[in-house]
Amino acid sequence: MRLPLTALALSLAAVGAHAEAPFSFAATPGKLPKDVVPIQYTAHLVPDVAKNTFSGSESVEIEVRKATSTIMLNALNMEFDAASLSGKGLAEMKLEPVQDKEAQTVSFRLAKPLAPGKYTLALKFRGVVNREPRGLFYLKYKNGADDKSLLATTMEPTDARRLLPTWDEPAFRAKFKLTVDVPASFKAFSNTPAEKQETLPNGLQRVSFGVTPKMPSYLFVLVAGEMARNVATQDGVEIGVVSTIGKEGSTQFALDASKDLLRYYNNYFGVPYPLAKLDQIAIPGMNGAMENWGGIVYNEATLLYDAKKNPDSTKQTVFAVTAHEVAHQWFGNLVTMAWWDNLWLNEGFASWTGTKATAHFHPEWSVQLEAMVEREGVMNLDSRATTHPIQTKVENEEQANSVFDAITYGKGQAFLHMLEAYLGEDAFRKGIRSYMAKHKYSNTTTADLWAALEKASGKPVAKLASDWTTQAGVPVVKVSQSCEKGQRKITLTQQPFVLDGSPVPQRLWHIPVAIGTVGGKADYTMLSAASTTVTRAGCDGQLIIDPDAVGYYRVQYDDASFNALAAMATRLPDASRVKLLGDAWAMVVSERIPLARYLTLASQFKDEPRLAVWGAMLSNLGNLYNLAQGTPERAKLGEYIAKLVLPKFQALGWEEKPGESVENRQLRTALASVLARTGDQKVIAEARARFQRYLADPSSLPPSSLGFVMSVVGRYADEATYDTLKGLALKAQSVEERNRFARSLSMAIDPKLSERTLQIALSTELPIQLTSMMLPNVAAAEHVDQAWAFAVQHREALLKNQDSVAGNRMYPAIVSTSVDAADADKMEAYVKEHFSADALVDAKRVGNGIRVRAKQRALLVPQVAPALGGMN
């Protein structure tokens, strides 16, 4: 599953984990007994599109592995009309379902134990089609002036049980064969190709699909609606990109990307994609994407691309998300983690592999550099008491949902990047191929992966890697050097890097530290003790640690070494510049160096060519600017930021140039956005003028400027502009357009307009995936108190259409940008009173972040004026 960055919140408290054993079905965690296992589900579903309900029947071939008097599986929000059991030597036996709603199970108790062997469990049941994307859900959308609807599923992690009674835990792999009755105007898609279509009375049709491979239930998929399919073939596999009718013209880029990626992964993994087809299905709703085997479902904004309408960022997103999801067809689908505590084997690997594939096909996008910038945010989260290990204990459904976070995805990806660099690309790939071949159509734990990589590389991978996956946090490596008798003596010392003032834990890592000189070669030393000293021949050249910036650790140089690197900062390689800026800021916020040193360093980068380096800098300066809200220092800081940004923006100019790079197009609008944010009236006026020209002629505005213009006019909107933006949002035909206009509404700094935006959160004018973000977005526009008061007043209405996970996260998200510790206290008390214990975990994480920012505000804002004064 690929989630938007805003959804990758850090969600679990620090919980220790321990080294584990290789996969064993019997030893795998879970609620369900393992004495009965499914072999194949044969299901028939009949959705009622008008009533948003469904009926179904299924015949489940099961194997009783050990004599038992109870058959237990998962079911949620279902009514059972019939249940029976039959088998060889067993007359058909009617069963009485006993549902446990809290445990989300249904049990059938037998009068006497059932002997080992194969049997058939037959069930008839009814359920609801949900508004929120859990289980089977519906989506309403516009096609021109017509109102349309479609059906789709999202099952991960534990929502297959909302549509089919299943053994809904990842270790219970089974085959699925589906038949579904849908309106005759619909096209239906599932994991496998349709084998048969029949016309039925009353405007319906019956579509029967082929049998799937053995797979976990969360990979089952059904999508049905008025849709079109663009088709190609690659390596004998039929690839389809599916969209709602009228959007077929935006599917070709995704189709071409899918062909490239399938070929790349077939070669990289050494195991060919095993299904007959791979559909990429774009729907106008849901968050992110879901890697269902053979039928991946995407929010259409992450799959459809039209060069005439969409900015370069959309093209990049489409390729990156597609690369992530197609990688899952191996990591996650062909080989599946045994239990949710090893989710990173799915998500961390798909993130790492997807980035690697994107860099291969589009080196001009510098995606590895961008990943380094994203890693900065992950390391900041990982430097707090509320972090958790990559492998985290999961005991229930809400906890399973909560592990889809920045640590699982981002730290998992970053650690794999570091590990691959240390082991070497060839050895790493050899280990991955062995892992795939050995465990295909099965499940694994992290121990299985370490064993494969250890055998391929000849290095003690398990000993090294377990430090990074079973304990939380990020280390800082302190570096000091001296020259003695013509040799460089380097002392490395490690300790946990802590941002929130919590006690520094006693914790060590095996850290593969790359040591080199600027422009020279680097070699590794393993830092496994608290401190070590190494020597290198000669003292020439400037020492640099982790020159390729692949390490998941902070670096704190002694003053002389830092000053020497800072003096040549703009001449360092791209990755080294990102690393130096990121670590320098980390040292500032952890009270290790003064703010003045960072601002002096940043001032050197006025002519920086790389978007990612600007992104690293402006993220930190933007955080500082937000910390200074309501203080006189904010204006001074705004002047400093504008002075830093303006020369590069003026060099780029307002207008795009023929043959201009994607990077420069994106940098232009990024810098213009910063200038507008700091109050540059000329830039704001230009954005308004371009918006007026856009209203008269949408083609007058190049796609690369759409996000910038709409965000600026939204932020500084008057009532007439607000009404115009709202009208554009309501009539938008594409999800990307609708999201862009809706986000602009939520950015308004006028409190009267932000109140109107809050009311949208209660309406059904826009889909729930969008309205649920209105309150946090309004709060982020410096209306925290207003958004919080609204949410408290309307709690019942706001939560009515939210599932438990989204509801748990809503109230912490509203105050998540606050810099006032009192907001953390208020929010935590409210969540404790009104929500579950699992919700409090996320509340404490967000509360911790607010307190960290409050502490940083007190630390850094008083330093602004002296630091800037010292630079004049």
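Data block above holds the structure.
Rules used throughout
- Residues numbered from 1 in each chain as written.
- Predicted model: local features only at pLDDT ≥ 70, side-chain atom pairs only at ≥ 80, totals over all residues.
- Heavy atoms only, no water.
- Helix = DSSP H or I, 4+ residues; strand = E, 2+ residues; numbered from the N terminus.
- Rg over C-alpha atoms; globule rule 2.2 N^0.38 Å.
- Contact = heavy atoms within 4.5 Å.
- Areas by Shrake-Rupley, 256 points an atom, 1.4 Å probe, with all protein chains shown as cover.
- Lys, Arg positive; Asp, Glu negative; His and termini not counted.
- Charge placed at Lys NZ, Arg CZ, Asp CG, Glu CD.
- Core = buried A, V, L, I, M, F, W, Y, C linked by side-chain atoms within 4.5 Å.
- Buried < 20%, exposed > 50% of the residue type's maximum accessible area, 1.4 Å probe, protein only.
- Polar contact = N/O pair within 3.5 Å; in protein donor to acceptor, adjacent residues only side chain to side chain.
- Disulfide = S-S within 2.5 Å.
- Pairing = 2+ DSSP bridges.
- Axes fitted to C-alpha atoms, helices over the stretch in contact; angles between N-to-C directions.
- Expected span 1.5 Å × (residues − 1).
- Arc of directions from axis to C-beta.
- Parallel < 35°, antiparallel > 145°, perpendicular 65-115°, else oblique.
- Left-handed = near helix turned anticlockwise from the far one by under 90°.
- Nonpolar A, V, L, I, M, F, W, Y, C, P; charged D, E, K, R; others polar.
- Phe/Tyr/Trp six-rings, centres within 6.5 Å; stacked < 30°, edge-to-face > 60°.
- Salt bridge = Lys/Arg side-chain N within 4 Å of Asp/Glu carboxyl O.

### A few points about the overall build of the protein
Piece 1. A count of helices and strands for the protein gives 27 helices and 29 strands.
Piece 2. Against the 2.2 N^0.38 benchmark of 29 Å for 872 residues, the protein shows a C-alpha radius of gyration of 28 Å, consistent with a compact globule.
Piece 3. Referenced to the eigenvectors of the C-alpha coordinate spread, the extents of the protein come out at roughly 90 × 70 × 55 Å.
Piece 4. Long-range pairs, those at least 24 residues apart, make up 71% of the contacts in the protein between residues at least 6 apart in sequence.
Piece 5. Approximately 32,900 Å² of the protein is accessible, and the part contributed by carbon and sulfur atoms is 51%.
Piece 6. Mean positive and mean negative side-chain charge positions of the protein (95 and 92 charges, respectively) differ by 2 Å.

### A closer look at the nonpolar core
Note on soluble globular proteins: their nonpolar side chains tend to be buried together.
Piece 1. Trp167 and Ile283 are the most contacted members of the largest nonpolar core, which totals 277 residues.
Piece 2. Ranked by the residues each element gives to this core, the list is headed by helix α13 (residues 611-627), at 11 residues.
Piece 3. Other than its neighbours up to four places away in sequence, Ile283 contacts Phe137, Leu139, Leu150, Ala152, Val223, Met227, Val297, Tyr298, Asn299 and Glu300.

### With respect to the environment of Ser208
Piece 1. One can find Ser208 in strand β14 (residues 204-209).
Piece 2. Sequence separation of Ser208 and Gln197 is 11 residues, and the distance between their C-alpha atoms is 6.4 Å.
Piece 3. In this structure, Ser208 is in contact with Leu178, Thr179, Pro193, Ala194, Glu195 and Lys196, ignoring residues within four places of it in sequence.
Piece 4. Here Thr179 takes part through its side chain, which lies 3.4 Å from a polar atom of the side chain of Ser208.

### Things to note about the state of the cysteines
Piece 1. Summed over the entire model, instances satisfying the criterion amount to 1 disulfide.
Piece 2. The disulfide that involves Cys483 links it to Cys539, with 1.9 Å between the sulfurs. Taking the torsion about the S-S bond as the criterion, the Cys483 to Cys539 disulfide, at about 90°, is right-handed. Of the two residues, Cys483 sits in strand β23 (residues 475-484) while Cys539 sits in the loop between β27 (531-537) and β28 (543-545), which places them 56 residues apart along the sequence.
Piece 3. Judged by its relative accessible area of 48%, Cys483 falls in the partly exposed class.

### Overview of the sheet that holds β27
Piece 1. Pairing in this open sheet of 4 strands is mixed, and the strands run β27-β24-β23-β29 from one edge to the other. Strands with a single pairing partner mark the edges of an open sheet, and in this sheet they are β27 and β29 (554-557). In this sheet, adjacent strand axes meet at a mean angle of 25° when their direction is disregarded.
Piece 2. With 6 bridges joining them, strand β24 (residues 487-496) and β27 adopt antiparallel strand pairing. Across the sheet, residue Leu492 finds its bridge partner in β27, namely Thr532.
Piece 3. In this fold helix α11 (residues 574-589) packs onto β23 and β29, with an angle of close to 80° to the strand it touches most, β29.

### Things to note about helix α18 (residues 719-731)
Piece 1. For α18, built from 13 residues, the straight-helix expectation of 18 Å at 1.5 Å per residue is met to within 8% by its first-to-last C-alpha distance of 19 Å.
Piece 2. Listed as buried for α18 are Thr721, Tyr722, Leu725, Leu728 and Ala729. Seen end-on, α18 carries its buried residues on one side only, within an arc spanning 125°. With respect to the buried face of α18, the exposed residues turned more than 90 degrees away are Glu719, Ala720 and Lys731.
Piece 3. For α18, the secondary structure elements touched by its buried residues are α16 (681-696), α17 (706-715), α19 (735-746) and α20 (751-760).

### Overview of unusual backbone geometry
Piece 1. A cis geometry characterises the amide bond from Glu156 onward to Pro157, with omega recorded as 0°.
Piece 2. Within the secondary structure layout, Pro157 lies in the loop between β10 (146-154) and β11 (175-183).
Piece 3. Unlike most non-glycine residues, Asn77 shows phi in positive territory, near 55°.
Piece 4. Secondary-structure assignment places Asn77 in the loop between β3 (68-74) and β4 (79-87).
Piece 5. At Glu591, a residue that is not glycine, the phi angle is positive and equals roughly 65°.
Piece 6. One can find Glu591 in the loop between α11 and α12 (595-602).

### Details of the packing of α13 against helix α14 (residues 633-652)
Piece 1. At a closest axis distance of 10 Å, the pairing of α13 and α14 adopts a crossing angle of 160°. The angle between α13 and α14 falls in the class roughly antiparallel. Of the two possible hands of crossing, α13 and α14 adopt the one that is left-handed. Of the residues in α14, those touching α13 at Trp614, Met617, Leu618, Leu621, Leu624, Tyr625 and Asn626 are Arg634, Leu637, Gly638, Tyr640, Ile641, Leu644, Val645 and Lys648.
Piece 2. A class-by-class count of the residues in the contact of α13 with α14 yields 11 nonpolar, 2 polar and 2 charged.

### Concerning the packing of helix α26 (residues 821-834) against helix α27 (residues 837-871)
Piece 1. Packing of α26 against α27 leaves a shortest axis separation of 8 Å and a crossing angle of 175°. Taken as axis vectors, α26 and α27 run roughly antiparallel relative to one another. Contact residues: α26 offers Ala821, Ala824, Asp825, Met827, Glu828, Val831 and Lys832, while α27 offers Ala839, Leu840, Ala843, Lys844, Val846, Gly847, Asn848, Ile850, Arg851 and Ala854.

### A short note on the pairing of strand β6 (residues 97-100)
Piece 1. Note that β6 and strand β7 (residues 105-114) share 4 bridges and pair antiparallel. When the bridges of β7 are listed, Gln99 appears paired with Val106.
Piece 2. Adjacent in sequence and paired antiparallel, β6 and β7 are bridged by 4 residues, among which Gln104 carries a positive phi angle near 60°.

### Some remarks on the sheet that holds strand β26 (residues 522-527)
Piece 1. Pairing is antiparallel in the open sheet, where 3 strands are placed in the order β26-β25-β28. Strands with a single pairing partner mark the edges of an open sheet, and in this sheet they are β26 and β28. Sheet twist, expressed as the mean angle between neighbouring strand axes with direction ignored, is 30°.
Piece 2. With 6 bridges joining them, strand β25 (residues 511-517) and β26 adopt antiparallel strand pairing. Among the inter-strand pairings, Ile515 is bridged to a residue of β26, identified as Asp523.

### Observations concerning the packing of aromatic side chains
Both the distance between ring centres and the angle between the ring planes are used here to describe each pair of aromatic rings.
Piece 1. Inspection of every chain in the model, using the stated rule, returns 41 aromatic pairs.
Piece 2. Summarising the aromatic geometry, the rings of Tyr264 and Tyr268 are spaced 6.3 Å apart at their centres and angled 10° between planes, so their arrangement reads as stacked. Here Tyr264 pairs with Tyr268, and both are found in helix α1 (residues 252-269), just 4 residues apart, close to one helical turn. For the pair Tyr264 and Tyr268, one class covers both residues: buried.
Piece 3. For the ring pair Tyr422 and Tyr524, a centre distance of 5.3 Å and an interplane angle of 85° mean the geometry is edge-to-face.

### Looking at the pairing of β29
Piece 1. Residues of β29 alternate between two faces, with Arg554 and Gln556 on one and Val555 and Tyr557 on the opposite face, all of them buried.
Piece 2. Taken together, the 4 bridges between β23 and β29 define a ladder with parallel strand orientation. When the sheet's bridge partners are listed, Val477 is paired in β29 with Val555.

### Quick notes on the side chain of Ser746
Piece 1. Along the chain, Ser746 turns up in helix α19.
Piece 2. Among the polar contacts made by the side chain of Ser746, one reaches the main-chain carbonyl oxygen of Arg743 at a distance of 2.7 Å.

### Details of α11
Piece 1. For α11, which comprises 16 residues, the first-to-last C-alpha distance of 23 Å matches the rise-based estimate of 22 Å (1.5 Å per residue) to within 8%.
Piece 2. Judged by how many residues are buried, α11 sits mostly within the fold: 15 of 16 residues are covered.
Piece 3. Count one or two residues on from α11 and you reach Glu591, which has phi positive near 65°.

### Some thoughts on the pattern of salt bridges
Piece 1. Enumeration according to the criterion identifies 44 salt bridges in this entry.
Piece 2. For the salt bridge of Lys579 with Asp546, the shortest nitrogen-to-oxygen distance reads 3.6 Å. Placement of Lys579 in helix α11 and of Asp546 in the loop between β28 and β29 is noted, with a sequence separation of 33 residues between them.
Piece 3. Across the pair Asp574 and Arg610 runs a salt bridge whose closest N-O atoms are separated by 2.9 Å. On the criterion of sequence distance, the pair formed by Asp574 in helix α11 and Arg610 in the loop between α12 and α13 is long-range, its members being 36 residues apart.
Piece 4. Exposure remark for Arg610: the relative accessible area of 25% places this residue in the partly exposed category.

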